[in-house]
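What the coordinates show
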Amino acid sequence: MGTEILEIKNLEKKYPGGFGLKIDYLSVKENKILVMIGPNGSGKSTLIRLINLLEEPDSGIIIFNGSNMLGEKVDRIKIRKSMSVVFQEPLLFSTSVYNNILMGLNIRKIKVQQRKETFNFLIEKLKLDKLLGRNPKSLSGGEQQRAALARALILEPKLLLLDEPLANIDPVLREELRSDIFDILKSIGRSTIYVTHDRNEAMIIADDIAVINEGKVEQFGKKDEIFRKPTSGFVAKFVGVETLVEGIIFECRDNVCRIMIKANNKRQSTDITDNAGYRNGQNIEIFVVADAKPGEEVTLAIRPEDVTLYNVHMPHEMSSAMNSFTGVIIDIRDVGIFKKVEIDCGFKLVSFVTQNSIERLGLAEGKNITASIKASSVHLFKS
Amino acid sequence: MELIWEGIKQAFILLFSGNREVYEIVLLTIRVSGTAVIISMVIGMSVGLAVGLNNFKGKRFVIAIINTGMGLPPVAVGLIVCVLLWRSGPLGLLGLIYTPTAMIIAQVLIASPIVAGITLAAVQQINPKLKLQALSLGASGWQVLWIIIREAKLPAFAAVMAGFGGIISEVGAVMMVGGNIKGQTRVLTTATVQMVRMGQLEIAIALVIILLILAFSVNLILTLIQQKENKTWAQRFWR
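Parameters and conventions
Residues numbered from 1 in each chain as written. Chains lettered and ligands numbered in written order. Predicted model: local features only at pLDDT ≥ 70, side-chain atom pairs only at ≥ 80, totals over all residues. Helix = DSSP H or I, 4+ residues; strand = E, 2+ residues; numbered from the N terminus. Buried ≥ 20, exposed ≤ 12 C-beta atoms within 10 Å, placed from the backbone. Contact = placed C-beta atoms within 7 Å. Domains from an automatic or database assignment. Pairing = 2+ DSSP bridges. Axes fitted to C-alpha atoms, helices over the stretch in contact; angles between N-to-C directions. Expected span 1.5 Å × (residues − 1). Nonpolar A, V, L, I, M, F, W, Y, C, P; charged D, E, K, R; others polar. Core = buried A, V, L, I, M, F, W, Y, C linked by C-beta atoms within 7 Å. pLDDT = per-residue confidence, 0-100. Parallel < 35°, antiparallel > 145°, perpendicular 65-115°, else oblique. Left-handed = near helix turned anticlockwise from the far one by under 90°.

**Quick word on the overall build of chain A**
Looking only at helices and strands, chain A features 10 helices and 20 strands. Considering only C-alpha atoms, chain A reaches an extent of 80 × 45 × 40 Å along its principal axes. Across the 383 residues of chain A, 42% fall into the buried class. In chain A, the share of contacts with a sequence separation of at least 24, taken over all contacts with a separation of at least 6, comes to 70%.

**Quick word on the overall build of chain B**
Along the backbone of chain B there are 12 helices and 0 strands. The N-to-C order of helical and strand elements in chain B reads α-α-α-α-α-α-α-α-α-α-α-α. Projected onto its principal axes, the C-alpha coordinates of chain B cover approximately 65 × 55 × 30 Å. A buried classification covers 39% of the 239 residues belonging to chain B. Sequence-distant contacts in chain B: of pairs separated by 6 or more residues, those separated by 24 or more amount to 77%.

**A look at the domain arrangement of chain A**
Residue and element names in this part refer to chain A. Segmentation of chain A into domains returns domain 1 (4-237) and domain 2 (241-382). Taking only C-alpha atoms, the centre of domain 1 and the centre of domain 2 are 40 Å apart. Listed by partner, the interface residues are 8 residues for domain 1 and 6 residues for domain 2. At 3 residues, helix 9 (residues 233-238) tops the list of elements feeding residues into the side of domain 1 that touches domain 2.

**Focus: the sheet that holds strand 15 (residues 308-310) of chain A**
Residue and element names in this part refer to chain A. Spatial strand order, 15-19-16-17-18: 5 strands in an open sheet with antiparallel pairing. Either end of the sheet is taken by a strand with one partner, and the two such strands are strand 15 and strand 18 (348-353). This sheet shows a mean twist of 45° between the axes of neighbouring strands, independent of strand direction. In this structure, strand 16 (residues 323-335) lies alongside strand 19 (residues 368-373), joined through 6 bridges in antiparallel fashion. Paired with Thr326 across the bridge in strand 19 is Thr370.

**Notes on the sheet that holds strand 12 (residues 256-262) of chain A**
The strands making up a sheet associate through backbone hydrogen bonding, with each pair oriented either parallel or antiparallel. All names here are of chain A. Pairing in this open sheet of 5 strands is antiparallel, and the strands run 13-12-11-14-20 from one edge to the other. This sheet does not close on itself; its edge strands, each paired only once, are strand 13 (283-289) and strand 20 (379-382). On average, each strand axis in the sheet is inclined to that of its neighbour by 40°, with strand direction left out of account.

**Let's talk about helix 5 (residues 141-153) of chain A**
With 13 residues, helix 5 of chain A ought to run about 18 Å at 1.5 Å a step, and its terminal C-alpha atoms sit 18 Å apart, in line with that. In terms of residue burial, helix 5 of chain A counts as a mostly covered element, since 11 of its 13 residues are buried.

**A look at the interface of chain A and chain B**
Taken together, the contacts link 23 residues of chain A with 18 residues of chain B. Listing elements by their share of the side of chain A that touches chain B, those giving two or more residues are helix 2 (76-80) and helix 3 (97-107) of chain A. In terms of residues, the side of chain A that touches chain B owes the most to one element, helix 3 of chain A, which gives 5 residues. Here the residues of the side of chain A that touches chain B are counted per class, giving 10 nonpolar, 8 polar and 5 charged.

**Observations concerning the nonpolar core**
In a soluble, globular protein the nonpolar side chains are often hidden away together inside. Counting residues in hydrophobic clusters, the biggest one holds 168 residues, and the most contacted among them are Val35, Ala150 and Leu300 of chain A together with Val81, Ala106 and Val177 of chain B. The biggest single contributor to this core is helix 5 (residues 100-125) of chain B, with 16 residues. Viewed by domain, this core spans two of them, domain 1 (4-237) and domain 2 (241-382) of chain A, each represented by three or more residues. The contact partners of Val177 of chain B, leaving out residues within four places of it in the chain, are Gly78, Val81, Cys82, Leu85, Ile97, Ala102, Met103 and Ala106 of chain B.

**Thoughts on unusual backbone geometry**
Residues and elements named next belong to chain A. At Asn10, a position not held by glycine, the phi torsion is positive, near 45°. Structurally, the position occupied by Asn10 is in strand 1 (residues 4-14). Even without glycine at this site, Glu156 takes up a positive phi of about 45°. Looking at the element boundaries, Glu156 is found in the loop between helix 5 and strand 7 (159-163).

**A short note on the pairing of strand 10 (residues 216-222) of chain A**
All names here are of chain A. The pairing of strand 9 (residues 208-213) with strand 10 spans 6 bridges and is classified as antiparallel. Residue pairing in the sheet places Ile212 in a bridge with Val217 of strand 10. In this structure, the hairpin formed by strand 9 and strand 10 is closed by a connection of 2 residues, where Glu214 is found at a positive phi of approximately 50°.

**Comments concerning the confidence of the model for chain B**
Predicted coordinates in areas of low pLDDT are best not read in detail. Confidence along chain B averages 87 in pLDDT terms, with 95% of residues attaining 70 or more. ipTM for the predicted complex: 0.80, alongside a pTM of 0.77.

**A short note on the pairing of strand 14 (residues 297-302) of chain A**
All names here are of chain A. In terms of strand pairing, strand 11 (residues 243-253) meets strand 14 through 6 bridges, oriented antiparallel. Bridge pairing links Glu246 to Thr299 in strand 14. Summarising the sheet, strand 14 and strand 20 pair through 4 bridges and their orientation is antiparallel. Paired with Leu300 across the two strands is Leu380, which belongs to strand 20.

**Overview of the environment of Ala204 of chain B**
All names here are of chain B. Looking at where Ala204 falls in the secondary structure, it is placed in helix 11 (residues 201-226). For Ala204, a count of 20 C-beta atoms within 10 Å corresponds to the buried category. For the pair Ala204 and Ala11, spaced 193 residues apart in the sequence, the C-alpha separation amounts to 9.0 Å. Beyond its immediate stretch of four places on either side in the chain, Ala204 contacts Thr192, Met195 and Val196.

**Overview of the environment of Leu79 of chain B**
Mapping Leu79 of chain B onto the fold places it in helix 4 (residues 74-85). Residues Leu79 of chain B and Ala106 of chain B, spaced 27 residues apart in sequence, show a C-alpha to C-alpha distance of 9.2 Å.

**Describing the packing of helix 6 (residues 129-136) of chain B against helix 7 (residues 141-151) of chain B**
Residue and element names in this part refer to chain B. Following both chains from N to C, one finds helix 6 and helix 7 inclined at 135°, their axes separated by 10 Å at the closest point. Our classification of the angle between helix 6 and helix 7 gives oblique. Crossing angle aside, the handedness with which helix 6 passes helix 7 is right-handed. Residues Leu130, Lys131, Ala134 and Leu135 of helix 6 pack against Gln143, Val144, Ile147, Ile148 and Glu151 of helix 7.

**Concerning the packing of helix 2 (residues 20-53) of chain B against helix 8 (residues 153-168) of chain B**
Residue and element names in this part refer to chain B. Close contact between helix 2 and helix 8 brings their axes to 9 Å; oriented N to C, the two are set at 140°. By the criterion of interaxial angle, the relationship of helix 2 to helix 8 is oblique. In this structure, helix 2 meets helix 8 at a crossing whose hand is right-handed. Residues Thr29, Ser33, Ala36, Val37, Ser40, Met41, Gly44 and Met45 of helix 2 form the contact with helix 8, whose participating residues are Ala156, Ala159, Val160, Gly163, Phe164, Ile167 and Ile168.

**Considerations on the confidence of the model for chain A**
Put simply, chain A has an average pLDDT of 88, and 94% of its residues get 70 or more. Note on residues 267-277 of chain A: pLDDT under 50 across the span, and 19 contacts to partners over four residues away in sequence or across chains.

Okay, here's the thing in structure tokens:
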């Protein structure tokens, strides 16, 4: 546990038209990166504006650097000067890149000579050395955002707020800039809130993650916790869980629970020699490592990369996985470098495999296949 | 054609022969229009910024008034100022009628809405998020205002140029409130009208050429300031 540089408690803001933000608790640890992830319009950027005091909340507390910054006698400009924001748009002014980078320093009446080391470091890391004399209008989107980042980072803020800084940059440049940002943040060790709706970006950059949805924090915790142990269907889907199934805990022994889920498949196997077909309503057993009680209604979350596929004729004993299901492939489609394979095994199960696996196993729509999942790879939360 | 050449020749003779009357006319023109444009710049830009950067009830109505003011006929302005400053008028006691001050007042009334209108349009075209960015950099209210003015630098200069162009070439209002008194309120435009009336077309052409040179010189200086690029010494300094 690190020291919190920012803590938000019971923060509320309502807007005409119905949208509202209600944050029960959120914190940023010193020199750590909190990634706020959520769909567009979920309230992430609003929260950034509230933290930077660009908007007033209706109620709540924001403790920054040990004191409540929403008090009446608070010097708002002084607080803003302890932070830096990079918005989705670079928002550079009509002057040279050099003058833009120095804009915040000039406002603070800090001479650039006092930050010469930081300046040179940023110029080199953000590849701005040949752009200093240029007008921002003549730069690409990526170059403009690099200048905006330098302008924010040269201020050496106590808290850096990055509001989807890569959202308007094309994918190739985005990856490059993301890597540069990550390198810089790691080397200067700055407390940061990074807003994104890209879970891959969150996975790369975050120490902690807050999943925001409809103005509320759905889940907040360490990166691995959010990715491996989502506490709601929304978070599970947002962090890449493809299979969500509801069931009832039948029994638990030594932290291994036997859970019953109802088969709901519509397609029956074409091969009656195996058990690829389930009848509607038939119980399917699944083993999960969990601390739960029998009788509880739960949702099972299975990540596609945790599902291993075998040809049906391979002996199941070859795998250490406790769960093995045979089903029919109902769909195969490209998802980036992987293929997404949807299997109907009484419930819809999704697996990500490589093109090589597709060819090696001869996977095709309508083919029967066996899928195995380790009991420890299935996560459950109360329905 | 010969008349035009004669006029051009006459213009240079008048300019370089040390003709006292012509110099007085040129200097008064610069003094009256220069003072009027500076006052208009202060009034027009303040109004343009105040209306453009703030949201208030009746904003559209105010914008409509400014826009109407941009097209205000100089003759109407001249008449209004004339009536107000007339010896028996509400401000007659000030004794300003037929003085350069009266001419400045009329020109300010003509140029201010032009400067205000163009400044307002310029400010409204600036990305409103830039204000947010300036605030997030820790800028105070005045610093934000200064940053926004600098953002509107190009159109702001255009506003000043348009204002200056509108008044230096204006004849109706200054004639009405200034009276075109020789040695006191005679400026280039009124002097030109006088020369045409007297049939001295060569001198009229010469005065117009001087007027054009003056207008061009002022606009050239403003354009050079407006288009000045940022120096690139920064890169050399740091690397």
